[in-house]
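Chains, contacts and geometry: an overview
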Amino acid sequence: MPIQLTTVQGEKLLQSKETPWTVYPRPQMRRDSYVNLNGMWKLSVKDEEYDILVPFCPESLLSGVQKHFAEGSCLVYRRNFTLPEGFNKGRILLHIGAADQTTACFVNGGYVGEPYTGYTGANFDITPFLRPGENELTLSCCDDLTNQSIPYGKQVLPAKRGGMWYTPVSGIWQTVWLESVPEAYIKNLRIDNRGYSVEISVSPAMEGKVVVPELGEFQLVDGKVCITPENPHLWSPEDPYLYDFSVETEQDRVESYFAIRSLKIKENRLCLNGKPYFFHGLLDQGYWPDGLFTPATPECYAEDILAMKNLGFNMLRKHIKVEAEEFYYQCDKLGMVVFQDMVNNGDYSFFRDTALPTIGLQKLPDKHLHRGELTRAWFLSTMAATVKRLQNHPSFCYWTIFNEGWGQFDSDNVYEQFRKLDDTRFIDSTSGWFRRKKTDVDSRHVYFKPIKLKETDKPLVLSELGGYSYKPEGHVFNTESTYGYGKFEKAEDFAAAVAELYEKQVLPAKENGLCAGVYTQISDVEDETNGILTYDRKVCKLSAEIMRPIGKKLTGK
C-alpha cells in the first residue's frame, strides 16, 4: 500500500491553515492590481459536496479532499468575492493558472466562457457580469482521462497507476486571481532574446515607452523596441543577471525583466553567450507527495533548484509538464537553465514506444503515426499556447517536442511550425529515438547499457541517462515495489555507481561531442525511486563532495 509522505512546507501549511500561494502569479507582467482568490472553496461533484483548498487538486492531501472522481465528472467550484474599493480601473479580468482539463466560468449565474485550461490556463473578462458588493464565482472543471486526444502527460487512471505512470490530477491546480486593467490595456508582452539584443513588443500594438533603469528610456514604435546594450551584463547559470524594466502606455503600465544571453550552434556544439557550454542537468517531473502537481508553497521550487545547484547541476529538463510561472521565475533569478518538454497526448504503446527502441529498433517513419485529426489539432494548439505562456523566460534554452514516440507525428513538419513560434532557442524534435531529419540536436536516451556515442552531424544530447534506484528507509511512497534502472541497497553503493557512471561514461562521451546530459531524475515520484532527492524532499542521496567535482569537469565552471 502507498504511504502518504509530506514535505516540510506541506506540514507547515497543514498546521497554519493560511491561504496558500499568495505570491504574484505572473512575474514577467506585473501590475499594481491583484486580488488572490486562493483558499477555501465549495466543491460539488454530482450530489457530493466538499470544502477544498485551492489551488490544490482534489486528489492531493493538501486539498483536504483526497479523492479522484469518475472520469468525465464535472467538478463545480464556488466562492463569493467582493472587489476592494477603488480596485476597478475599467475592466476586471479573472485568471486561472491551470485547471484540468476545460473550465466553464460563471459569474453571478452568467456564462462567461469555457476554454481549455489544462496546463496553460486562461483568463476571462468578467466586467459585464459584475454587480456592486458581493459576487458569486462558479468554475466547472471537466476532466476525462479516457479521452487521450487532450494532453495528459504522466497521468493515468487510478487503477493503472504505478511505475512511470502517476496519480491523476483534476480540477484547479494553479492560482485563481483577479486584476483590473484600463479600457485600453496591454494584453500580451513578448520578450525575445536575439543574440546580444532584446526585442520587446506589446499587443495590441501601442505607443509608449520602455524604461530600463540601468539603460534609459526607449520609445515603442508600432508596439516594438529593440534594445542593444553597449556592454551587456550577460545571463548565465553562474551569473544570472536580470534587467528590470517597465512598459508605459497612455493608460497602462506593467513591470517586467529581461536578460541578455545568446544561444548558437557552432562547430557542432551548443553555445551559450558565444562559447561551448555543457548543460549538466536532471529530469524534473514536477510532482509532490502532498500537492501532486502543486508544491505546498512557491518556496519549494527554489529549494529544489538550489539543492541541485549545490550539487553542481546547471539545468533541469521539465518533463512532460508545464509549471506555474513562479518555477521559471526562480530559474531565471537563481540561474538554472530550463529544457522544456511539450505535454504529450495520443496513445502510448509499450511495445512500439519503449520495448523495441530499448533493444535498438529506433528508426520509425512518423508521418502517418497518430493520424487522428483531433489528436494532432490538440497537440499543436497546446504547443502554441505553451510557447506563448513561457517564451519570455531567459532561463529557457531548449524545447522538446516529442518524447520517446509518445503521440509523435510528422515531426519534420511540426519542427517547422515550432520554429515559427520561437526561432531563438534550440529545438529537440524527437527526444530519445524515432529521429527524423529536422531537429537542432541528435537526442538519445541510454538506459540498461553502456553509453557509447559517436559524433554526428548535429550536437549530441543525452536527454535521459542513469535512473539508478536507492530507497532511504522512511521516505518511500511504495515500500513493496521498486522502479528504476539499477537497484542499490546502500547509500554509499548508490553514490559510487552514479559517480562511476559520470567518470567512466559521460565524461568520455563529452570528448566525442556530447553537449548535454540529463540524469534521471531530480526526485523520486511515487513508485519511481530513482531520484537524487526523496519524494518528500527530506533526504538528498548524493553529496556535494562527490558531485561538484564531476560537474566542474563537465562544465569547466
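These figures come from a predicted structure and were not determined experimentally. (Residues numbered from 1 in each chain as written. Predicted model: local features only at pLDDT ≥ 70, side-chain atom pairs only at ≥ 80, totals over all residues. Heavy atoms only, no water.)

1. Considering the packing of aromatic side chains
Each aromatic ring pair is summarised here by two numbers: the centre-to-centre distance and the angle between the ring planes. Taken as a whole and judged by the stated rule, the model has 40 aromatic pairs. Ring geometry for Tyr 447 versus Phe 448: centroids 6.4 Å apart, planes at 65°, classification edge-to-face. Exposure remark for Tyr 447: the relative accessible area of 11% places this residue in the buried category. For Phe 448, a relative accessible area of 60% corresponds to the exposed category. Judged by centre distance (6.0 Å) and plane angle (65°), the ring pair of Tyr 483 and Tyr 485 falls under edge-to-face. For Tyr 483, a relative accessible area of 25% puts it in the partly exposed group. Overall, Tyr 485 belongs to the buried group, its relative accessible area being 18%. Taken together through their ring pairs, the aromatic side chains of Trp 21, Trp 288, Tyr 301, Phe 327, Tyr 328, Phe 396, Trp 399 and Phe 418 make up a single cluster. The side chain of Lys 321 reaches across the aromatic face of Phe 293, ending 5.0 Å from its centre. (Phe/Tyr/Trp six-rings, centres within 6.5 Å; stacked < 30°, edge-to-face > 60°. Buried < 20%, exposed > 50% of the residue type's maximum accessible area, 1.4 Å probe, protein only. Lys NZ or Arg CZ within 6 Å of the ring centre and 35° of its normal.)

2. Here's the deal with the sheet that holds strand S14 (residues 197-203)
Note: strands within a sheet are paired through backbone hydrogen bonds, in either parallel or antiparallel orientation. Pairing is antiparallel across the open sheet formed by three strands, whose spatial order is S13-S14-S17. The sheet terminates laterally at strand S13 (188-194) and strand S17 (224-227), the two strands that pair on one side only. Taking each pair of neighbouring strands and ignoring which way they run, the sheet shows an average axis angle of 15°. With four bridges joining them, S14 and S17 adopt antiparallel strand pairing. Residue Ser 201 lies in a different strand from S17, and its bridge partner there is Lys 224. (Pairing = 2+ DSSP bridges. Helix = DSSP H or I, 4+ residues; strand = E, 2+ residues; numbered from the N terminus. Axes fitted to C-alpha atoms, helices over the stretch in contact; angles between N-to-C directions.)

3. Looking at the sheet that holds strand S20 (residues 263-266)
Taken together, three strands build an open sheet; the order of strands is S20-S21-S22 and the sheet is antiparallel. Strands at the two margins of the open sheet, each flanked by one partner only, are S20 and strand S22 (275-276).

4. Here we look at unusual backbone geometry
The step from Ser 203 to Pro 204 runs through a cis peptide bond, and the omega angle for that step is -5°. The residue Pro 204 is located in the loop between S14 and strand S15 (208-212) in this model. Cis peptide bonds are those with omega within 30 degrees of zero, and the linkage from Thr 520 to Gln 521 qualifies with 10°. Among the structural elements, Gln 521 can be located in the loop between strand S32 (514-520) and helix H8 (544-555). A positive phi angle, close to 50°, is found at Glu 267, a residue other than glycine. The residue Glu 267 is located in the loop between S20 and strand S21 (269-272) in this model. You can call Glu 267 exposed: its relative accessible area is 77%. The residue Asp 410 is not glycine, and still its phi comes out positive at about 40°.

5. Some remarks on the nonpolar core
A general feature of soluble globular proteins is that nonpolar side chains tend to end up buried together. Among the nonpolar cores identified, the biggest contains 91 residues, and Met 308, Ile 451, Tyr 502 and Tyr 519 are the most heavily contacted of them. Not counting residues up to four positions away in its chain, the partners in contact with Met 308 are Leu 282, Phe 313, Leu 316, Met 336, Ile 522, Ile 532 and Leu 533. Grouped together as the second largest cluster of nonpolar side chains are 29 residues, Val 45, Ile 52, Phe 69 and Val 107 included. (Core = buried A, V, L, I, M, F, W, Y, C linked by side-chain atoms within 4.5 Å. Contact = heavy atoms within 4.5 Å.)

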